[in-house]
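Structural features, examined
Here is what each chain is made of, one letter per residue.
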Amino acid sequence: MIHHKKLLTSIITNGNTNNDSNFSDGMKNRFLLIFIISCICLNAFAQKKITDWKSAFSYADKTWMNSKQAEILVATILKYQAPNGGWSKNQDWLNTIDPKSFEKFGRKVTDTTFDNNATTREIEFLIKYYVDRKESASPTQLIAVKAAVNRGVDFIFNAQYDNGGWPQYFPFLMPRKAVDYTSHITFNDHVMLNIMTLLKKIIYQQDEFKEFGFEPQIQAKALNAFNKGIDCIVKCQIVKNGVPTVWCQQHDAKTFMPASARDFEPAAFNAAHETAYLLLFLMKLQNPDDKLKRCIYYAVRWIEQHKIKGRTTEKFVNRQGKNDLREIKQKGKDTWARFYDLKTEKPVFFEKDGKLKNNFNELEYDRRNGYSWLDPSPQKAIDYYYNTWIKKYPIYTK
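Computed from a prediction, not measured in an experiment: that's the story for all the values here.

Bringing the pattern of salt bridges into the picture now. Using the criterion set out here, one finds 16 salt bridges in the structure. Notably, a salt bridge pairs K201 with E124, separated by 3.1 Å at the nearest N-O pair. Of the two residues, K201 is situated in helix 8 (residues 191-204) and E124 in helix 6 (residues 120-132); the sequence distance between them amounts to 77 residues. A single burial state applies to K201 and to E124, both of which are buried. Linking E345 and K240 is a salt bridge whose minimum nitrogen-to-oxygen distance equals 3.1 Å. You can see E345 sitting in the loop between strand 7 (323-337) and strand 8 (349-350) and its partner K240 sitting in strand 2 (residues 239-240), a full 105 residues away along the chain. Linked through salt bridges whose partners overlap, the residues forming this network are K68, E71 and R133.

Structure representation (structure tokens):
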């Protein structure tokens, strides 16, 4: 182990006080100092502390994957995989699992879903674990992990509608109101995007997926599901007065029309986040057909036209001493609303009970800080469109 403080002290002393050193030696020492500081920073970054399931998924490297903690985590993920191959959401697989915690959502541990990154995240983690432990784990464990991944991928195939979309939950839950939004084709929280991204990795054997070694028949099924998914995305794009626009967070599974979810999640144009990252995904597909090109062109045009210019959000401490969030004017900063009214195309905001607000700052404290209403991410899609995509795929709009 290198003692960073001693080494740094030595370099600084030699570089600054040694009168016999020439200019070249001093420069070498300074470059060495910069190099060591860079290594320390990179080392600190690489050693981000893993304390829960989310951080394990994000930061686990091969060293951590070979730890006892990783083995326990994987055993827990395998234990809680439902018989249908999916997983439930909002559980910390790295720490104590409390089945009662599901009850506050009216759910059970066997309620399998794609919401909040569930199922797709477990599949990707198990693939990485399998590849990192291929030479060190027991054959029995590797067989169990591979079987779990294949069941998870089968769950994705089984959950897909014939029209190419995926619901939030599968099988469907008993509805808690007249129409249960969990059966809608779901873009919210990147459900469709996460599934399509995983299928793309299976098809093209990207990252660890190549070494994992999916069977050709699974790759063929993934390609079929992927193509149906693209077709569904294009069909879900909201058309107003004959012109394609963007997407809603959910769409009716039969009609493809925009659909509402919770009381504060109306059927609306969605510009921020879901649409932005969906567009980035679509623009990175190779050799798009004319329908997909047209879809991308009009979606980018719509978000350009609905930019909230010169506005952003900032954190502040309110009069009650609480950390808070507010919308402010700021030159050179632009943002987009999560929801735009289907008729007026104006930004709209809602309290938890569905009460309409026309301004972000009018929302109650819990709504301002408990949900993402304003987001600059569509600018990423606009930049990629003009800097990269349109140069590769110039299109006409008639």
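Text resumes after the structure shown.
In this section: unusual backbone geometry. Here the amide bond leading from F170 into P171 is cis, since omega sits at -5°, within 30 degrees of zero. Phi is positive for H273, close to 65°, though the residue is something other than glycine. Within the secondary structure, H273 is located in the loop between strand 5 (258-259) and helix 11 (274-283). In this structure, E345 takes a positive phi of about 60° despite not being glycine.

The subject of this paragraph is the pairing of strand 6 (residues 308-317). Walk down a regular strand and you will see the side chains alternate between the two sheet faces. Two elements, strand 6 and strand 7, share nine bridges in a ladder whose sense is antiparallel. Considered in strand 7, the bridge of F316 is made with D324.

A separate point is the packing of aromatic side chains. The description of an aromatic ring pair rests on the distance of the ring centres and on the angle between the ring planes. Evaluated as defined, the whole model comprises 21 aromatic pairs. In this structure an aromatic cluster arises from ring pairing among F264, F339, F349, F360, Y371 and W373. Above the plane of the ring of F212 lies K146, whose end atom (NZ or CZ) is 4.7 Å from the centre. Directly above the aromatic system of Y384 lies the positively charged group of K284, at a separation of 5.4 Å from the ring centroid.

Turning our attention to the nonpolar core. Membership of the largest hydrophobic core comes to 102 residues, with the highest contact counts inside it found for W64, F125, W166, W247 and L282. Setting aside residues up to four positions removed in sequence, L282 forms contacts with I230, I233, W247, L292, C295 and I296.

About the criteria used
- Residues numbered from 1 in each chain as written.
- Predicted model: local features only at pLDDT ≥ 70, side-chain atom pairs only at ≥ 80, totals over all residues.
- Heavy atoms only, no water.
- Salt bridge = Lys/Arg side-chain N within 4 Å of Asp/Glu carboxyl O.
- Helix = DSSP H or I, 4+ residues; strand = E, 2+ residues; numbered from the N terminus.
- Buried < 20%, exposed > 50% of the residue type's maximum accessible area, 1.4 Å probe, protein only.
- Pairing = 2+ DSSP bridges.
- Phe/Tyr/Trp six-rings, centres within 6.5 Å; stacked < 30°, edge-to-face > 60°.
- Lys NZ or Arg CZ within 6 Å of the ring centre and 35° of its normal.
- Core = buried A, V, L, I, M, F, W, Y, C linked by side-chain atoms within 4.5 Å.
- Contact = heavy atoms within 4.5 Å.

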